[in-house]
Amino acid sequence: MKLVSCSEAGRSFAGLWRDGRVLDLAAAGRHVNEAADLGGMLSIIRGGERAVAALQRIASRGDEFSDLWLDADRVKLLAPIPVPVRNVFCVGRNYVDHVKEGYARSGTETKLPEVPQFFTKATGAVNSPDGDVRLDTRLTRLLDYEVELAVVIGRGGRDIAAGSAFDHVFGYTVANDFTARDLQRRHEQWFKGKSLDTTCPLGPCIVDRAEIGDPATLELSLSVNGEERQRGRVAQMIFDIPTIIASLSAGLTLEPGDIISTGTPSGVGYAMNPPQALKAGDLVVARIDRIGELRNRIVEVRLP
Ligand code: MG
């Protein structure tokens, strides 16, 4: 199932995405007397297995809801969780080639991380799958991109064992961890340079865990103005998803709807020779097969 959050005529709702159309899940649920709250993505996720079972019943009867399907061009897609409850958890430096390109840039010997490197992006950074990304040149001259697989937590928990980590995954989406490299360095801490408004597009949908199966088979790619910059496979992660969930949840309770972005493969702009920064007008397309793509235009902030 591909699940989306969208708005139509000022109303926001969670939908099932299929063949270029969106089914309003709450309306479909009422139609067939489902008790689960399907009105928004967070309610669905918090509804646990009961809500997922209701979604599966609705998805299997999709043809019965003929007048509840909307053509995609009538709705605006939002981030699948438009306002996360708390910051987006992120893993830095989780692909060997990306770690290597960072060290090559600084001219020092490559040292791989021994444990996952966690940081977060502020909730206000979350952006829709086709939202403009602000470029404020007073703040940054080195805006960069990072295509990433993001995991959406279903059942929460603390001290989750790697062996049962996938039981806590609701599904997967695409993230672009836009980063102001110069701010990241200047503040000697990643949060500021990773948390500017609009710099965390998510979407276009959440694909449920059962449909993805083994996420290691997924392939990520990113292009700028049609030129491919990044291509990698989730299987190349240094710390795989169970390891990330086990490490993050050690002594730290994960909640339903938490988002964990799992790191980016090589090909980022700052590691190119010479380094490439995003410019106003650039179109950045981040794609993961079987999930979809984010299409974000870089728009320079007009100064007063
Ligand atoms: Mg990243």
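Structure: above.
Because the structure is predicted, anything quoted here is derived from the model rather than measured. (Residues numbered from 1 in each chain as written. Predicted model: local features only at pLDDT ≥ 70, side-chain atom pairs only at ≥ 80, totals over all residues. Heavy atoms only, no water.)

Student: For this particular structure, what's the right way to read the overall build of the chain?
Tutor: The secondary structure content of the chain amounts to eight helices and 19 strands. Scaling as 2.2 N^0.38, a compact globule of 304 residues should have a C-alpha radius of gyration of about 19 Å, and the chain matches this with 19 Å. Oriented by its inertia axes, the alpha-carbon framework of the chain measures out at about 60 × 50 × 30 Å. Long-range contacts, defined here as pairs at least 24 residues apart, represent 77% of the contacts in the chain between residues at least 6 apart. When the accessible surface of the chain is summed, it comes to about 13400 Å², and 48% of that surface belongs to carbon and sulfur atoms. Treating the 37 positive side-chain charges of the chain as one cloud and the 40 negative ones as another, the clouds have centres 3 Å apart. (Helix = DSSP H or I, 4+ residues; strand = E, 2+ residues; numbered from the N terminus. Rg over C-alpha atoms; globule rule 2.2 N^0.38 Å. Contact = heavy atoms within 4.5 Å. Areas by Shrake-Rupley, 256 points an atom, 1.4 Å probe, with all protein chains shown as cover. Lys, Arg positive; Asp, Glu negative; His and termini not counted. Charge placed at Lys NZ, Arg CZ, Asp CG, Glu CD.)

Student: Before we go on, may I ask you to explain the coordination of the magnesium ion in this structure?
Tutor: The expected angle between donors at a tetrahedral four-coordinate metal is 109.5 degrees. At an octahedral six-coordinate metal it is 90 or 180 degrees. Of the protein atoms, only E146 (OE), E148 (OE) and D177 (OD) coordinate the magnesium ion, at distances of 2.0 to 2.1 Å. On the accessibility criterion, E148 (1% relative accessible area) is buried. (Donors = N, O, S within 2.8 Å, 3.2 Å for Na, K, Ca; no water. Buried < 20%, exposed > 50% of the residue type's maximum accessible area, 1.4 Å probe, protein only.)

Student: Looking at this structure, I do not really get the pattern of salt bridges. What am I missing?
Tutor: Opposite charge on two side chains allows them to pair when their charged atoms are near. Across all of its chains, the model carries 19 salt bridges by this definition. With a closest N to O distance of 2.8 Å, R181 and E146 form a salt bridge. One end of the pair, R181, is in helix α5 (residues 181-186); the other, E146, is in the loop between β10 (143-144) and β11 (147-153), and 35 residues separate them in sequence. Accessibility expressed as a relative area gives 4% for R181, which makes it buried. Among the residues examined, E146 registers a relative accessible area of 5% and is labelled buried. Residue K194 is joined to E146 by a salt bridge in which the shortest nitrogen-to-oxygen separation is 3.3 Å. Here E146 lies in the loop between β10 and β11 and K194 lies in helix α6 (residues 190-194), a separation of 48 residues in the sequence. Judged by relative accessible area, K194 falls into the buried class, the value being 2%. (Salt bridge = Lys/Arg side-chain N within 4 Å of Asp/Glu carboxyl O.)

Student: It is not clear to me how the pairing of strand β12 (residues 169-176) should be interpreted in this structure. Could you clarify?
Tutor: Looking along a regular strand, one sees the side chains alternate between the two faces of the sheet. Most of β12 is tucked away: eight of the eight residues are buried. Taken together, the seven bridges between β11 and β12 define a ladder with antiparallel strand orientation. The partner of V147 across the bridge, within β12, is N176. (Pairing = 2+ DSSP bridges.)

Student: Looking at this structure, I do not really get the sheet that holds strand β15 (residues 219-224). What am I missing?
Tutor: Remark on secondary structure: sheet strands pair via backbone hydrogen bonds, oriented parallel or antiparallel. The five strands lie next to each other as β9-β19-β18-β15-β16, forming an open sheet whose pairing is mixed. Edge positions in the sheet fall to β9 (133-135) and β16 (227-233), since each has one partner strand and no second. Sheet twist, expressed as the average angle between the axes of neighbouring strands with direction ignored, equals 20 degrees. One ladder, built from three bridges, connects β9 with strand β19 (residues 292-300); its direction is parallel. When the sheet's bridge partners are listed, V133 is paired in β19 with I298. (Axes fitted to C-alpha atoms, helices over the stretch in contact; angles between N-to-C directions.)

Student: Explanation requested: the environment of W69 in the structure shown.
Tutor: Residue placement: W69 occurs in strand β4 (residues 69-71). Residue class for W69 comes out buried when judged on its relative accessible area of 9%. Sequence-distant contacts of W69, defined by excluding residues within four places in its chain, comprise L16, R18, R21, V22, L23 and G62. Within the structure, the side chain of W69 is placed 2.9 Å from the backbone oxygen of G62, a separation counted as a polar contact. (Polar contact = N/O pair within 3.5 Å; in protein donor to acceptor, adjacent residues only side chain to side chain.)

Student: Help me understand the side chain of N127 in this model?
Tutor: Its place among the elements puts N127 in strand β8 (residues 126-127). For N127, a relative accessible area of 10% translates into the label buried. Separated by 2.9 Å, the side chain of N127 and the backbone oxygen of D132 make a polar contact. Setting aside its immediate chain neighbours within four residues, N127 contacts A79, D132, V133, T198, C200, P201, L202 and N296.

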